[in-house]
Amino acid sequence: MTSSSRSSSPSAAPAPSPLSRRGLLAAAGAAGAAGLLGAGPAAAAAGSGGRGSAALVIHNARVFTGTTGGGAPVEALAVGRDGKILATGSGSAVRRHVGRDTEVVDARGNTVMSGVHDGHVHPLGAGDRSLRPSLEGAETTLPELRELLTGFLADTGGAGAEPDRWLVVEDWNPVGLLPAGSVPHHSMLDALETRRPVALVGGDGHNLWANRRALEIAGITAATPDPVGGRIVRGADGQPTGVLKDDAQDLVQRHVPQPTRAELVEACAKVLGLAAASGVTTMMDALVGRHELELYQALSAAGRLPQRIVPAIRLDAEQTKDPAGALAYAGGLRKEFEGVRGLRFGTVKVFLDGVIEYPAQTAALLEPYLDGNGRPTANSGELYTSAADYGRLTAAFNRAGWQLHAHGLGDRAVRTALDGYAYARRVTGLRDPRNTIAHLQLVDPADLRRFAQLGVAACMQLQWAAQDTWTMDALLPYIGPARHRWMYPARSLERAGARLTGGSDWPVDALQVWNQLRTAVDRQGAYGTGELYRELEGLSRTSALRMHTAGTAWQLKQEGLTGTVEPGKAADLVLLDRDVTRCPVADISGTGVRMTLVGGRVVHDADSEAGRAAATALTRAAAAARPASYTAVHGGRHHACGH
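Residues numbered from 1 in each chain as written. Predicted model: local features only at pLDDT ≥ 70, side-chain atom pairs only at ≥ 80, totals over all residues. Heavy atoms only, no water.

Asks: Help me understand the overall build of the protein chain in this model?
Replies: Assigned secondary structure in the protein chain consists of 20 helices and 25 strands. When burial is assessed residue by residue, the protein chain has 60% of its 643 residues classed as buried. Of all intrachain contacts in the protein chain linking residues separated by at least 6 positions in sequence, the fraction that spans at least 24 positions is 76%. By element, 52% of the accessible surface of the protein chain is carried by carbon and sulfur atoms, the whole surface being about 22,900 Å². (Helix = DSSP H or I, 4+ residues; strand = E, 2+ residues; numbered from the N terminus. Buried < 20%, exposed > 50% of the residue type's maximum accessible area, 1.4 Å probe, protein only. Contact = heavy atoms within 4.5 Å. Areas by Shrake-Rupley, 256 points an atom, 1.4 Å probe, with all protein chains shown as cover.)

What follows is the structure, encoded as structure tokens:
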């Protein structure tokens, strides 16, 4: 290893040899697996407490415990043979837990901390996306776009794929057609030299652009009604333009042949490995149905599920009007899949609105969008569920022990969720259901204190909180400076007492965990063109680290198990290649993860063959050229997982 080494005791000379997993895995064994799941009694082993020997000791570290109390700095920790943290403290205090077969790691002054908890992510969607070509959010002229698509046509079968093989391209930028303001139309895609159906899937998950052949296959005509929760964009002549929004995308997506189960499992296993190499130890999959649960079941059975997964079962707009039916649906899936190792149920997901950026403008706002010149329009976005329906739904699920997780981008959607949670609190009397609102791109200041009052988790994706095409060009002219100032109000929420939790929304945005944490602090990150209200809304380094560890563990109701580095907690830990508590803030973006443990098991070793491959892939992705619109439109690739 380059930043840590192993030896037989803390006082031994650092060994330059690669990290060996044999000793730790042999010591942890089945008990470590039990720690991963947070189920069952700890194995009876000498290392379970007191002066017993540990499976692993890390010393010469700067341990970020994530706890709120003071005390002496922690520079070492021991992991017991039950997959839990055995001891923390000074090097001399922890040394007594070193036995003959204890693995010892010299952290060389770098950070050891809780693994990152991602409170809103679509990992299986990332695996699915990896099987298709990507435009990577690029801004292009129409000739440039056609050139790229022509290359993709050749790469996916060429003449042999004519006329029926679909070309599905990921990460299309819905506002990236140049010159600025150009409006997508199926005729632009029809000009390609192909008869194949073509669909460009927006990186936002809220837009899809199809050619005429794809529209014909889907049976979409001027007479086709808009589906609930979606919209078929039409021209002045009433004919479909080829752009489909939100749930209307499924009209085309349902006709696209899906990859085989084996292909999906392999692709998803690879991207979960990338997440482990990034230091992610727990994920809340924010869009789950039977398809995703079957994939998790296959991954778990194959021993290729390295993280703890909290699946959020998606409820559609119609289900929100039938709480009893929705509860039966979610409960049925839970009963069927709750035995899958690595999954923990208890969350359902509801979309309250869409996205705020031009041209989508489907996020629900309290005041109308502007026309780009400061004049109000008649559009206030789309609210998919009323506060009354959402309140009744929340009450039914909270009574049954479930949490609600709301997609809320616009300030009206945020208020709707809060109103629903307030109703549920009144009628159930429950004070700690841990309901959540995700994204929070725009929050009215009058609603800031309601998060703490209602015990609502504020799950934010702060890698978007930077000046770039999305926050400036595609947004500022359409909401005005007074509202724009309240973009991603992280510090304001924190000051109002809200519990901040973190998520990436990967693959809507790139998997760059440490740039995500950095951006929460400096509101610019590695790719922003400027700071987005840093003095008003930037977080302290400690707050950013805590929201992505202890904060999200609280959101997911597992703060008793993970999220802080304390004796008795599961050893869900990361060893980094630098001290992120002291290095320059800008350097946090480049953080490398040397080792990741979940329940005491090594799930990423930077010096293993798999670890080196994953680290190389992450480095290559981080070094790739970024278009001006690097950050994808917010809200998740909501149909990423086979819906």
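Right, picking up where we left off after that structure.
Asks: Honestly, the pairing of strand E2 (residues 56-59) in this entry has me stumped. Any pointers?
Replies: Walk down a regular strand and you will see the side chains alternate between the two sheet faces. Burial along E2 is two-sided: the residues Leu56 and Ile58 and Val57 and His59 are all buried. Examined bridge by bridge, E2 and strand E4 (residues 76-79) share three bridges and lie antiparallel to one another. Residue pairing for E4: Ile58 is matched across the bridge by Leu77. Relative to strand E6 (residues 103-106), E2 is paired through four bridges, and the arrangement is parallel. From the neighbouring strand, Ile58 faces E6, where its bridge partner is Val105. (Pairing = 2+ DSSP bridges.)

Asks: For this particular structure, what's the right way to read the environment of Leu153?
Replies: Secondary-structure assignment places Leu153 in helix H4 (residues 142-155). Placed 14 residues apart in sequence, Leu153 and Leu167 show a C-alpha to C-alpha distance of 6.8 Å. If sequence neighbours within four positions are ignored, Leu153 has contacts with Gly158, Leu167, Thr194 and Arg196.

Asks: Can you help me understand the pattern of salt bridges in this one?
Replies: Opposite charge on two side chains makes pairing possible when the charged atoms of those side chains draw close. Inspection of every chain in the model, using the stated rule, returns 30 salt bridges. Of the charged contacts in the structure, one is a salt bridge between Arg132 and Glu170, with a shortest N-O distance of 2.7 Å. Remark: Glu170 occurs in strand E10 (residues 167-172) and Arg132 occurs in the loop between helix H3 (123-129) and strand E9 (140-141); sequence separation between them is 38 residues. Here Arg132 matches Glu170 in class, with each residue buried. (Salt bridge = Lys/Arg side-chain N within 4 Å of Asp/Glu carboxyl O.)

Asks: Just checking my understanding: could you explain helix H9 (residues 290-301) for this structure?
Replies: Given 3.6 residues to a turn, an α-helix orients residues that are three or four positions apart in the same direction. Over its twelve residues, H9 runs 16 Å from end to end, which matches the ideal 16 Å to within 8%, given 1.5 Å per residue. Those residues of H9 that sit buried are Glu292, Leu293, Leu295, Tyr296, Leu299 and Ser300. Relative to the axis of H9, the buried residues are bounded by an arc of 155 degrees and lie together on one face. Those residues of H9 hidden inside the fold are in contact with H3, helix H8 (261-277), strand E16 (280-288), strand E17 (308-315) and helix H10 (323-337). Following H9 by one or two positions, Gly303 has its phi on the positive side, about 70 degrees. (Expected span 1.5 Å × (residues − 1). Arc of directions from axis to C-beta.)

Asks: What should I look at first to understand the packing of aromatic side chains in this one?
Replies: By convention here, two paired aromatic rings are described through the distance between centres and the angle between planes. Enumeration over the complete set of coordinates arrives at five aromatic pairs. Arg334 extends its terminal NZ or CZ atom over the ring of Trp402, reaching a point 5.1 Å from the ring centre. Here Arg485 stacks its cationic end above the ring of Trp486, 3.7 Å away from the centre of that ring. (Phe/Tyr/Trp six-rings, centres within 6.5 Å; stacked < 30°, edge-to-face > 60°. Lys NZ or Arg CZ within 6 Å of the ring centre and 35° of its normal.)

Asks: Sorry, what's going on with the side chain of Asp522 here?
Replies: With respect to the helices and strands, the residue Asp522 is situated in helix H17 (residues 513-522). When its relative accessible area of 6% is taken as the criterion, Asp522 is described as buried. At 2.6 Å, the side chain of Asp522 and the side chain of Arg518 are in polar contact. Engagement of the side chain of Asp522 in a polar contact is seen with the backbone nitrogen of Gln524, the distance being 2.9 Å. In contact with Asp522, other than residues within four places in its own chain, are Glu531, Arg534 and Val585. (Polar contact = N/O pair within 3.5 Å; in protein donor to acceptor, adjacent residues only side chain to side chain.)

Asks: How should the pairing of strand E5 (residues 85-89) be read in this particular structure?
Replies: A large share of E5 lies buried, amounting to four of its five residues. Where E4 and E5 come together, four bridges link them in antiparallel fashion. Across the sheet, Leu77 pairs through a bridge with Thr88, a residue of E5.

Asks: Would you mind showing me how to read the sheet that holds strand E23 (residues 573-576) here?
Replies: Note: strands within a sheet are paired through backbone hydrogen bonds, in either parallel or antiparallel orientation. Read from one edge of the open sheet, five strands run E3-E7-E23-E24-E25, paired in mixed fashion. Edge positions in the open sheet fall to strand E3 (62-64) and strand E25 (601-605), since each of these has one partner strand only. Neighbour to neighbour, the strand axes of the sheet diverge by 20 degrees on average, direction disregarded. Of the strand pairs in this sheet, E3 and strand E7 (residues 111-114) are connected by three bridges, and their pairing is parallel. The residue bridging Arg62 from the neighbouring strand is Thr111, located in E7. (Axes fitted to C-alpha atoms, helices over the stretch in contact; angles between N-to-C directions.)

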